[in-house]
Amino acid sequence: MKTPYKDIYSVLKINRFIVLAIVVCTTISSVFSVWMAFHINNKSMNSAFAINTDGSIIPLKLMVQKENFKVEVLAHLELFHTYFYNIDASNYKSNLEKALWVGDSSVDNLYRQKKADGVYNRLLQYSLVQKVLSIDSQIQEENGVYSFRTTTIFEINRGTIVDTYELVSTGNLINVDRNFPNNPHGLLITNFFENSLRKLSESP
């Protein structure tokens, strides 16, 4: 007995249903994939990840990152100004070497200028002690560029005479690779400039 053939229209109808179902499923899958990619992108834009000491991943909000970055910038500026201006005959070489690690050629040029002017020779000759009393930095960001204005109060002890000065310096900051212990914050001072220096007081 011969097997009867199915009606051609029934076969086409089933095929059309299968194709339509596949198209619908593919469309839904594509739309869901696009939505998930958009959602993940938005989430990643507002967060970053760090590796904990135990290897676990810790999500960090960008706002927290910015706050932490500001703390690092302030710490970096305090570190630099301490190295560059808190000097005496016994530590000036090591301190200035550390300061040069966290600044670019503008810092190096200023150091060479001070050296040519005999600043460090006088430090040795008269056993001067230059001590930083306070460092106050203001940070500003514009189009991703960070600039700073730092007011450093320091005193110069000449034995019987102690003079106090206020120094205002400015510059910019860029990100570089961290280098412990030379540059633990991964920041480099650029366009460094001493804007003003004035004497505040003089001991009798």
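Reading the values: rules and limits
The residue numbers shown here count from 1 along each chain, following its written sequence. In view of the model being predicted, local features appear only for residues whose pLDDT reaches at least 70, and side-chain atom pairs are presented and counted only at 80 or more, with totals across whole chains, interfaces and linings using the full set of residues. No hydrogens and no water enter the side-chain calculation; it runs on all heavy atoms of the structure. A helix here means a DSSP run of H or I that spans at least four residues, while a strand means a run of E at least two residues long, and both kinds are numbered starting from the N terminus. What makes a salt bridge here is a side-chain nitrogen of Lys or Arg within 4 Å of a carboxyl oxygen of Asp or Glu, nothing more. Buried, partly exposed and exposed residues are distinguished by accessible area as a fraction of the type maximum, computed with a 1.4 Å probe on protein chains only: under 20%, between the cut-offs, and over 50%, respectively.

S.K.: What am I meant to see in unusual backbone geometry here?
M.R.: Glycine aside, residues mostly have negative phi angles, and peptide bonds mostly take the trans form. The residue after phenylalanine 180, namely proline 181, is reached through a cis peptide bond having omega 5 degrees. Turning to its location among the elements, proline 181 is positioned in the loop between strand E6 (162–175) and strand E7 (187–202). Residues other than glycine seldom take positive phi values, yet serine 127 does so here, at roughly 50 degrees. Structurally, serine 127 is set in the loop between helix H5 (119–125) and strand E4 (129–142). Residue asparagine 191 is not a glycine yet carries a positive backbone phi of 50 degrees. Among the structural elements, asparagine 191 can be located in strand E7.

S.K.: Hey, could you run me through the pattern of salt bridges in this one?
M.R.: Under the criterion given, the structure shown has six salt bridges. Note that arginine 112 is salt-bridged to aspartate 108, the shortest N-O span being 2.8 Å. Highlighted residues: arginine 112 and aspartate 108, both in helix H4 (residues 105–116), separated by four residues, approximately one helical turn. When its relative accessible area of 53% is taken as the criterion, arginine 112 is described as exposed.

Any functional reading would require information that these geometric values do not contain.
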